Each structure stands twice: as structure tokens, then as C-alpha cells.
Amino acid sequence: MNNPNNLDRLEELQVGFLLGDLSADEEIELVQLASKLGCQAYPDGSLPLTLAGLDASVHSAQSEDLPESIRERLAAGFPSQLSPLHILPRAENNLIEGPFGNQSNIRADGPRISWAQWGAWAAAAAILCFWLGSEFLGKYSVQNNLSFEDRVEMLERSAVDKVVAPMEGLGTYSSLAGNFIWSDSRQEGYLQLSGLPVNDPAQKQYQLWIVDPSRDEAPVDGGVFDIRSPGMNIIPIDAKLQVSRPKAFVITLEQPGGVVKSRQEIVVGIGSAPI
Amino acid sequence: MMQSAVKCASELPYERIMTAGILTRLANGEREAMQECIDQYGNLIWGITRRFFSDMSLAEDIVQEILTEIWNKSRTYNPAVASESTFVALIARRRSIDALRKLRRRPSMEPLPETDVSDEADYNHESSPERPVGVEEISKAMGQISGETRQLIELSIQEGFTHQEISEQLKMPLGTVKTKIRRGLLELRNQLQKSGCLAMESGPASGKEMR
């Protein structure tokens with residue numbers, strides 16, 4: 001039988017959690033106590049509703065108003081047409097085989113592929129789309145005090161026009177794995193990459209290219225980056241020009257500082273967007 | 001049971017949708033409903049968010065997340081359980097706490113699981129309340145709470161004072177302030193349950209109610 005004192009303490013800690021005032025020790029205590037009592041640490045049911053009801057009650061009488069400038073940005077950024085949520089298609093990231101058969105057989109220093117071909121492959125690769133409106137919420141400032149991880153998560157959560165698709169390594173870089181995430185409305189995106197060899201910036205640097213056939217056959221420079229440690233790396237996509245519904249993201253290995261136009265001598269990996 | 005009569009927004013007939021609330025219309029894809037949502041609940045969301053974040057631009061990003069989640073969750077809104085504003089506040093508080101915890105994340109800590117457990121878990125009770133949690137019900141329940149506790153809750157939630165500020169203002173030890181506010185909120189919850197606004201829960205954490 002559970003000790004009533006433990007139950008009281010658990011609920012106190014759960015309220016503390018909902019208030020956001022748990023100390024580190026209390027957070028650990030909450031997890032341990034919940035485990036001991038066989039219930040979940042995060043409170044559900046009546047406690048969150050009580051707090052929410054209180055919030056609503058208090059703020060109907062007294063509240064700090066949402067600044068007009070923010071209100072306008074929020075309203076202006078929402079898509080002109082919403083789809084009923086229950087019939088929205090879900091995105092699928094399954095890729096079909098590329099134009100050259102098994103991509104892992106392509107040598108990194110193999111035959112060059114035209115940028116148009118990358119775009120065509122990317123277009124063919126996707127199965128379903130999940131566009132909820134490209135203009136949603138406009139451009140929002142990226143928080144300087146957030147880590148890349150947090151920014152990726154924030155983008156994943158709040159950008160309804162986000163596109164997420166896997167990155168695949170080519171040839172000798174077949175160990176590359178990860179994803180790209182991109183939002184047109186924010187012109188913001190990240191690569192989440194693992195398995196990419198550490199480079200010596202004095203010798204070679206990785207460069208990202210964004211294939212946007214609606215803009216130009218030539219890809220847009222997505223920025224030069226280095227891999228300084230093995231494991232997962234999060235690389236911000238630094239699109240030098242405005243891009244719209246990019247078809248693919250391609251990583252090449254270039255001379256230090258990158259190049260204006262890649263000769264694609266070493267193509268490291270590619271991620272193609274759903275269409 | 002009351003809950004069995006409640007349908008999610010997507011199942012409502014057209015005539016009902018035309019007279020439905022903001023969240024129901026939002027779930028059915030009405031563009032104007034989002035504008036109304038921002039007009040109606042923007043201050044509430046902003047107020048909750050700002051209690052957790054003093055940084056304006058960070059708060060703006062969180063509000064953006066909250067609105068997106070309200071949109072995503074609008075079809076789960078059940079008017080038998082809570083008023084629209086309570087539903088909105090539920091999401092606003094949760095997302096704010098999630099964001100706060102991310103900012104405070106300490107690598108050495110064993111973290112709590114992320115709170116992306118579905119909102120339905122705390123929103124759709126196993127047993128239904130007699131009436132939804134709304135402003136009036138909260139006001140009545142607050143009236144049943146002792147003066148000192150009510151004052152502490154008001155200073156904390158309504159006035160937005162930190163525990164430290166309340167401690168200094170009332171010359172009360174910090175730990176006592178913290179404990180009394182937490183217990184006061186549990187008392188408020190108990191009052192809401194007694195008045196039939198909140199369903200009694202089963203399970204270990206509700207043992208206090210059952211003994």
C-alpha cells in the first residue's frame with residue numbers, strides 16, 4: 001500500500017513541475033518517487049486543468065496585452081487557407097531508388113551529374129507532400145541563446161511548412177546519415193549529420209548546395225562548413241539567396257573557403273525533398 | 001455518460017460547425033478562426049508565456065509554437081471538460097514549461113521525459129465532470145480557500161511575483177512560500193473536484209482523494 005505521505009509529496013512535486021519551480025533535486029525526486037509509486041512523473045488529469053483554469057481566470061481579469069506588432073505578425077503569417085486537420089495527408093520520407101541505381105554504389109569521384117539531374121531525381125524521389133501553406137508565420141528571429149538542437153526542435157515544432165527528409169552518403173561517404181530540415185517561410189534550416197569524416201579546414205571544406213530549379217538551374221550556395229568531431233553534427237543551412245521549395249540539398253567537398261560554382265569532383269551526399 | 005455525447009470537431013455536422021466555437025472552427029479549417037483565436041486568446045497566451053520568459057523575442061517564438069499546437073490540437077477540444085480559454089491555457093503553460101526546461105537543461109541531470117505526451121491524456125478524463133472548468137468555477141473554488149493561501153496564489157499566479165519576491169514581501173521563508181503555494185493549488189484542485197468541475201481520478205496519485 002502506498003504511503004499517503006509519499007502521495008502528498010508526489011502531488012506537491014507535480015504542482016511544482018507545472019509551476020516550473022522545481023529545483024534540480026526536486027526534479028530527480030519527482031522521477032524517483034513516481035517510479036516508486038508506479039505512476040508517471042508528468043502530471044495529467046486534474047492538476048494541469050486546475051492550473052490552466054486558474055490561468056484563464058486570472059488573465060481574463062488582468063493580463064499583459066499581446067503587443068500589437070506581434071499580434072500583426074502572427075495574424076499576417078498564418079496561411080490564407082487552412083485544411084481541415086482530419087483530412088491532412090501525412091508526410092512520408094520514403095525515397096525511391098535514384099537515377100543511378102543503388103546510390104551507395106556511386107563513387108564520390110565518379111561521373112558528374114548535372115544540377116538539373118539532381119533536381120529531377122529529387123523530384124522523382126518523393127512520394128507524398130505535406131505542404132500546409134508556405135507563408136505561415138513569416139520570418140521569425142532565431143534566438144541567439146538557443147542551441148542548434150533547440151532551434152531545430154523549435155523549427156520542427158512550429159514551422160508548418162517544414163520539410164524534413166533524410167540525407168544519404170554517396171560512394172566513400174556512404175557512412176553519412178542524417179536529415180535536413182528546411183522551412184521556406186523562415187528561410188531557415190539545418191542539417192543533422194553523422195558519419196561524415198572530420199575535415200582539415202586548411203585542406204578541404206564541405207559545401208552545401210541547394211537545388212531550386214524554380215529559381216535557376218545553378219544551385220544556390222548553402223554555406224561552407226567543417227566537421228570537427230565525429231558523431232552527430234548540426235549544421236545551419238546558410239542560403240545565400242532566397243530559395244523556394246528546394247528539390248535537393250547536395251554536399252560537396254571543396255577547396256578551403258568554398259567555391260562559387262562546384263565542379264562536383266567530390267559529391268559527398270544528397271537529401272531530396274518530398275514533392 | 002456526458003463524454004460519450006461529445007464528438008471531436010471533425011465529426012460535427014455542418015450546421016453545428018457554423019455556430020461552434022473558435023476551436024471547433026479552427027479544427028475545420030476556417031481561416032478566420034485563427035484570427036479570432038489570436039484576437040480572443042492572444043493576451044492570455046502572451047500573459048502565460050511572459051511569466052516564464054522575460055525575453056520578448058523568445059516569448060514571441062513560444063507564442064508561435066503555442067498557436068501552432070492549438071491549431072493541431074483543436075480537434076481534440078472537448079467542451080464538456082473545459083472552457084476554450086482553459087484549453088488554450090493548458091497548451092500555453094505546457095509549451096512554456098517545455099521551453100523553459102530546455103533552456104535550463106543540465107546534461108548531468110537525469111531528465112524528466114519530455115511532456116509531449118498527448119494532451120488528450122490530461123484533457124480527456126476517464127470519467128467526465130459535471131461541468132467544464134471555466135472562469136466562474138475557478139472563482140468560486142478560490143473563494144473556498146483560506147485567506148493566506150489565496151493571497152499566495154494570487155501573488156504568484158495573478159501578480160506574477162516570484163517565490164523569492166513573495167518571500168521578501170511577506171517575510172515568509174522561501175521554502176514555506178513554495179510549499180504553501182503548491183498545497184494551495186492542490187486545495188484548489190480538490191475544491192473543483194468537490195464541486196463537480198473536475199473528475200475524480202483513479203490511480204496512485206489520487207489516493208488522497210479516495211482514502
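Preceding this paragraph is the structure being described.
Calculation criteria
Residues numbered from 1 in each chain as written. Chains lettered and ligands numbered in written order. Predicted model: local features only at pLDDT ≥ 70, side-chain atom pairs only at ≥ 80, totals over all residues. Heavy atoms only, no water. Helix = DSSP H or I, 4+ residues; strand = E, 2+ residues; numbered from the N terminus. Buried < 20%, exposed > 50% of the residue type's maximum accessible area, 1.4 Å probe, protein only. Contact = heavy atoms within 4.5 Å. Axes fitted to C-alpha atoms, helices over the stretch in contact; angles between N-to-C directions. Parallel < 35°, antiparallel > 145°, perpendicular 65-115°, else oblique. Left-handed = near helix turned anticlockwise from the far one by under 90°. Nonpolar A, V, L, I, M, F, W, Y, C, P; charged D, E, K, R; others polar. Expected span 1.5 Å × (residues − 1). Bend = angle between axes of the 7 residues up to and from the residue. Pairing = 2+ DSSP bridges. Salt bridge = Lys/Arg side-chain N within 4 Å of Asp/Glu carboxyl O. Phe/Tyr/Trp six-rings, centres within 6.5 Å; stacked < 30°, edge-to-face > 60°.

1. Quick look at the overall build of chain B
Of regular secondary structure, chain B possesses 12 helices and zero strands. Beginning at the N terminus, the succession of helices and strands in chain B can be written as α-α-α-α-α-α-α-α-α-α-α-α. Considering chain B as a whole, with its 211 residues, one finds that 55% of them fall into the buried category. Of all intrachain contacts in chain B linking residues separated by at least 6 positions in sequence, the fraction that spans at least 24 positions is 61%.

2. Points about the packing of helix 4 (residues 31–52) of chain B against helix 5 (residues 56–73) of chain B
Residues and elements named next belong to chain B. Where helix 4 meets helix 5, the closest approach of the two axes is 10 Å, and the angle between their N-to-C directions is 130°. Classified by the angle between their axes, helix 4 and helix 5 sit oblique to one another. As for the relative orientation of helix 4 and helix 5, their crossing is right-handed in sense. Only Met56, Ala59, Glu60, Ile62, Val63, Ile66, Leu67, Ile70 and Trp71 of helix 5 make contact with helix 4, whose side of the interface consists of Met34, Cys37, Ile38, Ile45, Trp46, Thr49 and Arg50. Grouping the amino acids of the contact of helix 4 with helix 5 by side-chain chemistry returns 13 nonpolar, one polar and two charged.

3. Considering helix 4 of chain B
The end-to-end C-alpha distance of helix 4 of chain B, which contains 22 residues, comes to 29 Å, matching closely the 32 Å that a straight helix rising 1.5 Å per residue would cover. At B:Tyr41, helix 4 of chain B shows its largest bend, some 60°.

4. Focus: the sheet that holds strand 3 (residues 188–194) of chain A
Backbone-to-backbone hydrogen bonds pair the strands of a sheet. The strands run either parallel or antiparallel. All names here are of chain A. Read from one edge of the open sheet, eight strands run 5-4-7-8-1-2-3-6, paired in antiparallel fashion. Only two strands of the sheet have a single neighbouring strand rather than two, namely strand 5 (220–225) and strand 6 (233–236). The average angle at which neighbouring strand axes cross in this sheet is 20°, direction not considered. Judged from the seven bridges that link them, strand 4 (residues 205–211) and strand 7 (residues 248–254) form a sheet pairing that is antiparallel. In the sheet register, Tyr206 faces strand 7, and the bridge partner there is Leu253.

5. Describing the pattern of salt bridges
The final tally for this structure, using the stated rule, is 22 salt bridges over all chains. Of the charged contacts in the structure, one is a salt bridge between B:Arg182 and A:Glu26, with a shortest N-O distance of 3.0 Å. Placement of the pair is B:Arg182 in helix 11 (residues 174–194) and A:Glu26 in helix 2 (residues 24–37), with the two residues belonging to separate chains. With a closest N to O distance of 2.6 Å, B:Lys180 and B:Glu148 form a salt bridge. Pair noted here: B:Lys180 is in helix 11 and B:Glu148 is in helix 9 (residues 147–158), with a separation of 32 residues, a long-range link.

6. A short note on the packing of aromatic side chains
Centre-to-centre distance and the angle between the planes together describe a pair of aromatic rings. Within the structure shown, the criterion is met by four aromatic pairs over all chains. With a centroid separation of 4.3 Å and an interplanar angle of 40°, the aromatic rings of A:Phe180 and A:Phe249 are classed as tilted. Taken together, the residues span a long stretch of sequence, with A:Phe180 in strand 2 (residues 177–183) and A:Phe249 in strand 7 at a distance of 69 residues. Each ring, one from B:Tyr77 and one from B:Phe87, has its centre 5.3 Å from the other, and the planes form 70°; the classification is edge-to-face. Taken together, the positions of B:Tyr77 in the loop between helix 5 and helix 6 (84–104) and B:Phe87 in helix 6 put the pair 10 residues apart, joining distant regions of the chain. The exposure classification of B:Tyr77 matches that of B:Phe87, with both residues buried. Taken together, the ring pairs connect A:Phe180, A:Trp182 and A:Phe249 into an aromatic cluster.

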